[in-house]
Every structure is written in C-alpha cells, then in structure tokens.
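Here's the letter readout for the chains.
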Amino acid sequence: MAVSYGATFPVLVLLLSIVFTGYLERWRSKMPWSVQWIPGLSRGVSTRAALRVLVVSLCVLITLLMAALNFVFIPGNNCTSISTNRTELEALKLYTVPYYLYCCLLAMLGVVVFVRTCMSVKALLLTLAVVVYLVLFLYIYAPRSNCLVDLLYNGTKPGVLKEPKIMAGVWLFMFYSICLILTRQDELGCRVEFLLEHCFQSEREEMETMENVNKLLLQNVLPLHVACFFMGKTIRNQDLYSTSCDCVCVMFASVPQFKEFYSESSANRDGLECLRFLNEIISDFDELLSKPKFSSVEKIKTIGSTYMAAAGLNKTASGEERKETEMSYSHVRCMLEFAIALMGKLELINTHSFNSFKLRIGINHGPVIAGVIGALKPQYDIWGNSVNVASRMDSTGVLDKIQVTEETAQVVQSLGYSVTLRGVVNVKGKGELTTYFINTD
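Keep in mind that this is a model prediction, so the values were computed, not measured.

Chemist: Would you mind going over the overall build of the protein in detail, with residue names and values included?
Modeler: Helices and strands together make up the secondary structure of the protein, namely 15 helices and 8 strands. For the protein, buried positions account for 37% of its 441 residues. Long-range contacts, defined here as pairs at least 24 residues apart, represent 67% of the contacts in the protein between residues at least 6 apart.

Chemist: Lay out the environment of Ser265 in plain terms, naming residues and giving numbers.
Modeler: Looking at the secondary structure, you find Ser265 in the loop between helix H10 (257-261) and helix H11 (272-288). Aside from chain neighbours lying at most four places away, what touches Ser265 is Asp270 and Gly271.

Chemist: I'd like to hear about the side chain of Glu298, residue by residue, with values.
Modeler: Mapping Glu298 onto the fold places it in strand E2 (residues 297-303). Leaving out residues up to four positions away in the same chain, Glu298 has contacts with Pro223, Leu224, Ala309, Ala310, Leu313 and Asn314.

Chemist: How would you sum up the packing of aromatic side chains? Please name residues and give values.
Modeler: What the rule picks out here adds up to 8 aromatic pairs. Where Phe261 meets Phe277, the ring centres are 5.7 Å apart and the plane angle is 50°; that geometry is what we call tilted. With Phe261 in helix H10 and Phe277 in helix H11, the pair connects residues that are 16 residues apart, well separated along the chain. Classification of Phe261 as partly exposed rests on a relative accessible area of 32%. In this structure Phe277 comes out as buried when scored by relative accessible area, which is 11%. Taken together, a centroid distance of 5.6 Å and an interplanar angle of 35° make the contact between Phe277 and Phe357 tilted. Note that Phe277 is positioned in helix H11 and Phe357 in the loop between helix H13 (330-353) and strand E4 (360-373), a separation of 80 residues in sequence. Here Phe357 falls in the buried class, since its relative accessible area comes to 5%.

Chemist: A description of H11 should follow, citing residues and the corresponding values.
Modeler: Given a rise of 1.5 Å per residue, 17 residues ought to cover 24 Å, and the 25 Å separating the end C-alpha atoms of H11 matches this to within 8%. Looking at the buried side of H11, the elements it contacts are H10, E2, strand E3 (306-311) and H13.

Chemist: Provide a residue-level description of a nonpolar patch on the surface, including the pertinent values.
Modeler: Together, Leu106, Leu109, Val113, Phe114, Ile166, Val170, Trp171, Met174, Ile178 and Leu182 give the surface a local cluster of nonpolar side chains, amounting to about 900 Å² of exposed area. Elements with a contribution of two residues or more to the nonpolar patch: helix H5 (97-114) and helix H8 (164-221). Residue placement: Ile166 occurs in helix H8.

Chemist: An account of the nonpolar core is needed here, citing residue identities and associated values.
Modeler: Counting 41 residues, the largest nonpolar core has Met251, Phe338 and Ile363 as the members making the most contacts within it. Contributing elements (two or more residues each) for this core: strand E1 (241-254), H11, E3, H13, E4, strand E6 (401-405), helix H15 (406-414) and strand E8 (431-438). Looking at this core element by element, the count peaks at 10 residues for H13. With near-sequence residues (within four places) excluded, Phe338 lies in contact with Met251, Phe285, Leu288, Leu289, Phe294, Val297, Tyr307 and Ala309. Ala67, Ala107, Leu126 and Ala168 belong to the second-largest nonpolar core, a separate cluster that totals 26 residues.

Chemist: Quick one: what's the story with the pattern of salt bridges, residue by residue and with numbers?
Modeler: One pass over the full model with this rule turns up 8 salt bridges. We note a salt bridge from Lys215 to Glu211, for which the minimum N-O separation is 3.8 Å. Of the two residues, Lys215 and Glu211 are both situated in helix H8; the distance of 4 residues between them amounts to about one turn of the helix.

Chemist: Before we move on, could you go through the packing of helix H6 (residues 119-140) against helix H7 (residues 142-153) and cite the residues and values that matter?
Modeler: With their axes 5 Å apart at the nearest point, H6 and H7 run at an angle of 55° to one another. Classified by the angle between their axes, H6 and H7 sit oblique to one another. On the side of H6, the interface is formed by Leu136, Phe137, Leu138, Tyr139 and Ile140, while H7 contributes Ala142, Pro143 and Ser145. Of the residues assigned to the contact of H6 with H7, the class counts are 7 nonpolar, 1 polar and no charged.

Chemist: With reference to specific residues and values, describe the pairing of E3.
Modeler: With 6 of its 6 residues buried, E3 lies for the most part within the structure. Here E3 shows two buried faces, one formed by Thr306, Met308 and Ala310 and the other by Tyr307, Ala309 and Ala311. The pairing of E2 with E3 spans 6 bridges and is classified as antiparallel. Following the sheet pairing, Lys301 is matched in E3 by Met308. The loop that links E2 with its antiparallel partner E3 comprises 2 residues; one of these, Gly304, has a positive phi angle of about 65°.

Chemist: Describe in detail the confidence of the model for the protein, supporting the description with residues and values.
Modeler: Averaged over all residues, the pLDDT of the protein equals 81, while 85% of them reach at least 70. Ranking the helices and strands of the protein by mean pLDDT puts E3 first, with 94, and helix H12 (residues 319-328) last, with 53.

Reading the values: the criteria
Residues numbered from 1 in each chain as written. Predicted model: local features only at pLDDT ≥ 70, side-chain atom pairs only at ≥ 80, totals over all residues. Heavy atoms only, no water. Helix = DSSP H or I, 4+ residues; strand = E, 2+ residues; numbered from the N terminus. Buried < 20%, exposed > 50% of the residue type's maximum accessible area, 1.4 Å probe, protein only. Contact = heavy atoms within 4.5 Å. Phe/Tyr/Trp six-rings, centres within 6.5 Å; stacked < 30°, edge-to-face > 60°. Expected span 1.5 Å × (residues − 1). Patch = residues over 30% accessible without salt bridge, like charges linked within 9 Å, V, L, I, M, F, W, Y side chains within 5 Å. Areas by Shrake-Rupley, 256 points an atom, 1.4 Å probe, with all protein chains shown as cover. Salt bridge = Lys/Arg side-chain N within 4 Å of Asp/Glu carboxyl O. Core = buried A, V, L, I, M, F, W, Y, C linked by side-chain atoms within 4.5 Å. Axes fitted to C-alpha atoms, helices over the stretch in contact; angles between N-to-C directions. Parallel < 35°, antiparallel > 145°, perpendicular 65-115°, else oblique. Nonpolar A, V, L, I, M, F, W, Y, C, P; charged D, E, K, R; others polar. Pairing = 2+ DSSP bridges. pLDDT = per-residue confidence, 0-100.

Have a look at this one:
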C-alpha cells in the first residue's frame, strides 16, 4: 500500500497544488515575470466548472484505484492447484485479502467525507468503484478467497458470515448505501449553508444599503461635519452637540412679495400651486449649494419664504490656519457671491414664470453658537447676536438690495466690493444702526 500510494503521491500533490496557488496572488508582483502565471492557475480552475470536476475526479479515482491496485500483484492466481499443500498456501500470504477490502471501504468513506462536490459526481464515482471492487473480489480474484477458506477451515465449508466473497459483497453494498446517504446529507447541508449564506449576504447588503440611505438622509438634514459626529453613535436625549464659531457670515434672503402672491382659491387649488411655486424657488436655491465655490455655505433652514444660510461653520483647520482664514474673510466673499447668485436665479425664475419677485437680503458676520437640538428629530441651528442682526438687516431692508451693517461693510470693501451708505436705520432691539447697501452691478 505504501508503494502504490507513494508512487501516486507526487501526482496528488501536483493536483492539489493547483488549488493552493491562489494564496500566492498577494506576492505575484514580487515574482519573476516568467512565473507570474502560476497564481492564476487556481483562479482559472475555480472559474471553470469542467476543470474543477476534472481535478476532483482525478484525485478521487487515484484514491479509489490505489486501494485495490496491490491486490492485482499479490501471488495466488494458481492457488487452486496447490490447495492440498498447506505449506505452499501459507507462503502465498493469502490472509492479506480481507485487508484490501478494508482499504477499499476506507477509500470509499474518504471520498464521501473529504471531497466537496455535487452528489451526482460522487454517486457516479462510488458506483464505478463498487462495480470494479465487486468484479475483483467476486469474480477475477475469487480463487484467492477460496484458497483462504481452505487454508483457514481445512476444506470444511464455513458459515455465511465467515465466507470472504459473500462478506465482501455485503460490506461493499452496505458501505455503498451508507456513502450515498452521507453524500445526500452532505449535499443537503451544503445547499442549506449556501442558501443561508445567500440570505445573510442579501440581508447584509440590505443593511448596508439602508445604512447608506440613512447617512445620505442625515447628511441632507445636517451639515457634513455635524453628520459625521452623529454617525455610528447612540445619541441620548441629554447629549448635546454645540460648537462656538468666532467668525461666521449669516444671510437672510426673503421674498416679501410672496405673501401677496399667496392666496387660497379654487383657481390655485386652495394655495397648493402657490406652495409648489415656492418649492421650485427654494429647490433652485438649494441647487446652487452643490457648486464647489459655495462649498463653505450651509443652508440652515427656511422660515416661510425666507431662506437662511451661513458660511464659515465647517472650518476644521488648526488655530493659526483658522485665524488666517478669518483675516482673509473668504467665507464673507463666498456668502456675497451666493447672495448675488440667488438674485440671479430668482430673475431667471421670473423670466420663465412671468413674475416679478425680488429678493430682500440681509447679511452680517460675527461670532455664533452652532448646535443640534433634538435626538430623534435633530434640527441644526445657529444662535447669537450676529444672527439676530442679520435677520434685522433683512426685515428692514429694501427689495433687490443686500443690506449689511457698518462692520460688515468695511469687510466687504476690503474684499473689493463697493457699498452705498443707506443711513441710520432703527432696528428693533438694537436701536439705531448705520447700514449700507452692497453694489451688485
């Protein structure tokens, strides 16, 4: 047995090495050019069903064949002619005949337990092996079994359970039946495992899709840097997200004429068409936020027909870099350009809808506190005196004008914009303030 399996061991190693060459894929770039094809053998076999079945069949056939190969070469074909000479019969070592049967049974069991392939292939190979084994033990080499009986029982006829040929057939049939049952059970187990894995994979993909959708929804509700704070965390009701910003530019842009435009009548379906038109305006304003040059602008909320936004909230730079950014007032410039873009967008909407809406915009800059209120339904907002003053710049402003405070006007002039003095305006809660209009021409 050792000789037969030893002779076929290199062949088995060669066949099995094809499977394990896939583990060399990570070192493929470090291999010489002439041998870089070796890691691709495993992938080539795994992606072709015919090659997989061929490799498995060769390994199984070698295992089944080697179990009975030495049985062909043991002496004893002419044992019936010397059956009367006990000494010569003992010299033939016929007692090894049952052990070859056991080797065949172990080979069949090994095929069932260790080979992972479909039931039809296993059943075909097992049927072929049983037929060959039965022919060998019951027909071609049956004289050796007869001589063994004569040697053990001195010519007397043994019982059925001690007859080598009969028991060989019984054992082979029993193992064949058991192997078919085990093969069927193994295939059922593999199918259930595959279906469960497929189900888990589908659920995992569904969970990942739902998680990505939730992330997108959260990023649409909250600014990106705030959404990253909440992702992957279990936020309790008492948890609070807030941050202080030293210099933020706040804008309020309202459409005062919309109040006169809105009416609940049967002609506009009880105001539904008016709200649809307002939604188109706000949606067009939101589209401007997707432009790269307005990346620092964050929409805070809409209050009726008033659009509130702020720039400078998502600064993540270090302290010195943040001071340089605030000194350059790039976020103020970005907010001014955004306000001018809003006015241009509304003019375009008027052209297509035959309306004459005008924006009234108020801008201010200064320190604010930004935070999220609520856990189940979070709402991002900003608070501070700068926000209140920006709101008053809008409410006391003029149509088609951008009104700013004196401090903001000085910053705007340093950025290259020209301003026009409006004068002193009585602002609720702030008294009299000197305000300016930004020239957008």
